[in-house]
Amino acid sequence: MSKVEDFLTPEEEQAIVEAIRLAEKETSGEIRVHIEKTTSIAAFDRAMEVFHLLKMDATALKNGVLIYVAVKDHQFVICGDKGINDVVADDFWDSTKEIMAAHFKNGNFRQGLVDGIRKAGAQLQRYFPCADDDTDELSNEISKG
Ligand code: CA
Ligand code: CA
């Protein structure tokens, strides 16, 4: 696995976008997936950079969640903005990452991503219920670098 295009089939991509859409129906929180080939810096640092580049740090309630994948490096990160970080359990991101990693190890990238989206979505729904005037602050489409 070294190419971004090989990471997910178009059908799998659609399943992921749909998982994001469904999760966001019940929360003001915003989830995005960014996939790129490789990073020259630590994956977590790069995820923070992407978070900023995608303007994910600009949500009203600071409740954006990013799943970042560097395909060729076999690295991924799931991280959230301050609003969500402040309320979830300390081990939330690590435990979510473990669930995703188990699927990734088996080459099941779609399921890993969908499970990560669902798990993050459940926490967002709990702490950031959807308001009547909710807007889709960040696109649900997968971002590719
Ligand atoms: Ca929203
Ligand atoms: Ca969105």
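What you see is a predicted model; the values in this text were computed from it and never measured.

About the cut-offs
- Each chain has its residues counted from 1, following the order in which its sequence is written.
- Ligands are numbered from 1 and chains lettered from A, in the order in which they are written.
- Local features in a predicted model are, by the rule used here, given only for residues with pLDDT of at least 70; side-chain atom pairs are given and counted only at 80 or more, and totals for whole chains, interfaces and linings are based on all residues.
- To get the side-chain values, take all heavy atoms of the structure and skip hydrogens and water.
- Metal donors: N, O and S atoms at distances within 2.8 Å, or within 3.2 Å for Na, K and Ca, with water omitted from the atom set so that some sites may seem incomplete.
- Here the term buried applies to any residue with accessible area under 20% of the maximum for its type, exposed to any over 50%, and partly exposed to those in between, with areas from a 1.4 Å probe on protein chains only.
- Going along the chain from the N terminus, every DSSP run of H or I of four or more residues is numbered as a helix, and every run of E of two or more is numbered as a strand.
- Should DSSP find at least two bridges between two strands, the strands are regarded as paired.
- Every angle between 85 and 135 degrees makes a four-donor site tetrahedral, while opposite donors more than 155 degrees apart, with all other angles between 65 and 115, make a four-donor site square planar and a six-donor site octahedral; other sites are irregular.

As for the coordination of the calcium ion (ligand 1)
Alright, step 1. Of the protein atoms, only Ser28 (O), Glu30 (OE), Asp134 (OD), Asp134 (OD) and Thr135 (O) coordinate the calcium ion (ligand 1), at distances of 2.3 to 3.1 Å.
Alright, step 2. Site description for the calcium ion (ligand 1): donor spacing in sequence, S-x1-E-x103-D-T.
Alright, step 3. When its relative accessible area of 1% is taken as the criterion, glutamate 30 is described as buried.
Alright, step 4. Residue classification places aspartate 134 among the partly exposed residues on the basis of a relative accessible area of 30%.

A look at the pairing of strand β3 (residues 75-80)
Alright, step 1. Counting buried positions along β3 yields five of six residues, so the element is predominantly enclosed.
Alright, step 2. Examined bridge by bridge, strand β2 (residues 64-70) and β3 share six bridges and lie antiparallel to one another. Directly across from isoleucine 67, in β3, lies its bridge partner isoleucine 78.
Alright, step 3. Between β2 and the antiparallel strand that follows it, β3, lie four residues; histidine 74 among them carries a positive phi value of about 55 degrees.

With respect to the coordination of the calcium ion (ligand 2)
Alright, step 1. Those protein atoms acting as donors to the calcium ion (ligand 2) are Glu24 (OE), Glu24 (OE), Glu30 (OE), Asp136 (OD), Leu138 (O) and Asn140 (OD1), and they sit at 2.2 to 2.7 Å.
Alright, step 2. In this structure, the calcium ion (ligand 2) is coordinated by six donor atoms arranged in irregular fashion, with angles at the metal of 52 to 170 degrees.
Alright, step 3. As a motif over one chain, the donors of the calcium ion (ligand 2) read E-x5-E-x105-D-x1-L-x1-N.
Alright, step 4. Taken as a pair, the calcium ion (ligand 2) and the calcium ion (ligand 1) show a spacing of 5.7 Å, with glutamate 30 coordinating each metal.
Alright, step 5. You can call glutamate 24 buried: its relative accessible area is 7%.

The quantities given are spatial measurements derived from coordinates; they are silent on function.
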